Amino acid sequence: MDLADRSVDLWTRCSGNTSLLQPLWDSLRLHYGDYLRSPLFPIVLTVLSYFTLCLPFLACDIIGDRWAWIQQFKIQPSRRPTATTLLHCAGITLYNHVFLVLPASVAQWVWRPPVDLPDEAPTMLELVAGVTGNLLLFDFQYFIWHLLHHRIRWLYVTFHAIHHNYSSPFALATQCLGGWELVTVGFWTTLNPIILRCHLLTTWTFMVLHVYVSIEDHCGYDFPWSTSRLVPFGIYGGPSKHDMHHQKPNTNFAPHFSHWDKIFGTHAEFIISPAVK
């Protein structure tokens, strides 16, 4: 097969009926089908993803002041989480998972039947479009929710203030949330792929990526490989944008992208780490 034939075959697999992801999907269905069909799987996937993806940033918080190369990317270099703040956030996160996530997981396991796994995998274009669509939809939903919970004082004090205990965020603060906010975020993350009629593989990819970018937004570091560095034209905010929200809570309400804050006049400029300029 010459180069032209290979290019045509690759394009066909990306956009047509034969997916590059089909071998992966077939292997998953064959070897792990019983696990993947369980209503518990998406919850286990997101919880394990959260704690696993927090670990590298937690290591930066613990040893970063002894590692100059890491320290240069700290957005607020003079402020580092203490052992007390890390344990406080870890405690709240564990409490929420034991008393909210675990009961919801058991309820799903008891009430929902196992899901059917489709025979065909999504194409690469379908996966990318589905993940992007889910991120954009969640960005709009949370922007409205977030804006209201800052503008209406009762909502802020009752439900959202706990997340603003720290003006210099860090990875474990990502899910340092009140129960109402955690339930709302989980509801949208679960519902949106259904609304957009996404393939299960697309749904799971979105869930893991959404967990990662949420942690990255709170990590307190603006590394050269941050998502905002990879997405061009400043349309994605990233950790510096959300760090500014914790410094100036009436700005930068959108969790990921920048367009809603610019449209509604709540966008605040943020300083990019000099090391990545």
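Conventions adopted
- Residues numbered from 1 in each chain as written.
- Predicted model: local features only at pLDDT ≥ 70, side-chain atom pairs only at ≥ 80, totals over all residues.
- Heavy atoms only, no water.
- Helix = DSSP H or I, 4+ residues; strand = E, 2+ residues; numbered from the N terminus.
- Rg over C-alpha atoms; globule rule 2.2 N^0.38 Å.
- Buried < 20%, exposed > 50% of the residue type's maximum accessible area, 1.4 Å probe, protein only.
- Contact = heavy atoms within 4.5 Å.
- Areas by Shrake-Rupley, 256 points an atom, 1.4 Å probe, with all protein chains shown as cover.
- Lys, Arg positive; Asp, Glu negative; His and termini not counted.
- Charge placed at Lys NZ, Arg CZ, Asp CG, Glu CD.
- Core = buried A, V, L, I, M, F, W, Y, C linked by side-chain atoms within 4.5 Å.
- pLDDT = per-residue confidence, 0-100.
- Phe/Tyr/Trp six-rings, centres within 6.5 Å; stacked < 30°, edge-to-face > 60°.
- Lys NZ or Arg CZ within 6 Å of the ring centre and 35° of its normal.
- Axes fitted to C-alpha atoms, helices over the stretch in contact; angles between N-to-C directions.
- Parallel < 35°, antiparallel > 145°, perpendicular 65-115°, else oblique.
- Nonpolar A, V, L, I, M, F, W, Y, C, P; charged D, E, K, R; others polar.
- Left-handed = near helix turned anticlockwise from the far one by under 90°.
- Polar contact = N/O pair within 3.5 Å; in protein donor to acceptor, adjacent residues only side chain to side chain.
- Expected span 1.5 Å × (residues − 1).
- Salt bridge = Lys/Arg side-chain N within 4 Å of Asp/Glu carboxyl O.

## Brief notes about the overall build of the chain
Within the chain, the regular secondary structure consists of twelve helices and zero strands. Counted from the first residue to the last, the chain has its helices and strands arranged as α-α-α-α-α-α-α-α-α-α-α-α. Here the C-alpha atoms of the chain give a radius of gyration of 20 Å, agreeing with the 19 Å that 2.2 N^0.38 yields for 277 residues. With respect to the principal axes defined by its C-alpha atoms, the chain has extents near 55 × 50 × 40 Å. For the chain, the proportion of its 277 residues judged to be buried stands at 45%. Within the chain, contacts between residues separated by at least 24 positions form 73% of all contacts whose residues are at least 6 apart in sequence. When the accessible surface of the chain is summed, it comes to about 14,700 Å², and 68% of that surface belongs to carbon and sulfur atoms. Here the chain contributes 17 positively and 19 negatively charged side chains, and the mean placements of these two sets differ by 10 Å.

## Re the nonpolar core
Counting 20 residues, the largest nonpolar core has Cys89, Phe170, Leu172, Ile215 and Phe223 as its most contacted members. Counting residues per element, the ones that place at least two in this core are helix H3 (41-63), helix H5 (83-111) and helix H9 (200-218). At four residues, the largest contribution of residues to this core is made by H3. Excluding residues within four positions of it along the chain, phenylalanine 170 makes contact with Asp61, Pro81, Thr85, Leu86, Cys89, His218 and Cys219. If you look at the next biggest cluster of nonpolar residues, it comprises 17 residues, including Leu36, Ala121, Trp204 and Val213.

## Section: the confidence of the model for the chain
Across the chain, the average pLDDT comes to 89, with 91% of residues at 70 or higher. Counting interchain partners and residues more than four positions distant, the pLDDT-below-50 stretch residues 3-8 has one contact.

## Here's the deal with the packing of aromatic side chains
By the definition in use, this model includes 22 aromatic pairs. Seen from their ring centres, tryptophan 154 and phenylalanine 159 are 5.5 Å apart, and the 90 degrees between their planes marks the pair as edge-to-face. The rings of Trp67, Trp69, Phe73, Tyr221, Phe223 and Trp225 are connected pair by pair, giving a single aromatic cluster. Above the plane of the ring of tyrosine 221 lies lysine 74, whose end atom (NZ or CZ) is 5.3 Å from the centre.

## A few points about the packing of helix H6 (residues 124-151) against helix H7 (residues 153-160)
Close contact between H6 and H7 brings their axes to 5 Å; oriented N to C, the two are set at 105 degrees. It follows from the interaxial angle that H6 and H7 lie roughly perpendicular. For the pair H6 and H7, the contacting residues are Tyr142, Trp145, His146, Leu148, His149, His150 and Arg151 in the first and Arg153, Leu155, Tyr156, Phe159 and His160 in the second. Of the residues in the contact of H6 with H7, the class split is six nonpolar, four polar and two charged.

## Thoughts on the packing of H9 against helix H11 (residues 238-247)
The geometry of a pair of packed helices is captured by two quantities: the angle between their axes and the separation between those axes. For the pair H9 and H11, the least separation of the axes is 7 Å and the interaxial angle reads 55 degrees. Viewed along their axes, H9 and H11 adopt a mutual orientation that is oblique. Of the two possible hands of crossing, H9 and H11 adopt the one that is right-handed. In this structure, H9 uses Glu216, Asp217 and His218 to contact H11, whose residues at the interface are Gly238, Pro239, His242, Asp243 and His246.

## Focus: the side chain of glutamine 175
Relative to the assigned elements, glutamine 175 resides in the loop between H7 and helix H8 (179-195). A polar contact is formed between the side chain of glutamine 175 and the side chain of histidine 97, at a distance of 3.5 Å. Dropping the residues within four chain positions of it, glutamine 175 is found in contact with Tyr50, Thr93, Asn96, His97 and Leu182.

## Looking at H5
Between its terminal C-alpha atoms H5 stretches 40 Å, which fits the 42 Å expected from 29 residues at 1.5 Å a residue. Residues of H5 that are buried include every one of Thr85, Leu86, Cys89, Ile92, Thr93, Asn96, His97, Val101 and Ser105, and no others. Taken together, the buried residues of H5 touch H3 and H8.

## Overview of the pattern of salt bridges
Under the definition given, this model contains four salt bridges. Between arginine 29 and aspartate 119 there is a salt bridge, with its nearest N and O atoms 3.3 Å apart. Here the residue arginine 29 occupies a position in helix H2 (residues 22-37), and aspartate 119 occupies one in the loop between H5 and H6, the gap between them amounting to 90 residues. Given the relative accessible area of 55%, aspartate 119 is considered exposed. Here aspartate 261 ties to lysine 241 by a salt bridge, and the two come within 3.0 Å at their closest N and O atoms. Within this pair, whereas aspartate 261 is found in helix H12 (residues 259-264), its partner lysine 241 is found in helix H11, the two being separated by 20 residues in sequence. When sorted by exposure, aspartate 261 lands in the same class as lysine 241, which is buried. Linked through salt bridges whose partners overlap, the residues forming this network are Asp26, Arg29 and Asp119.

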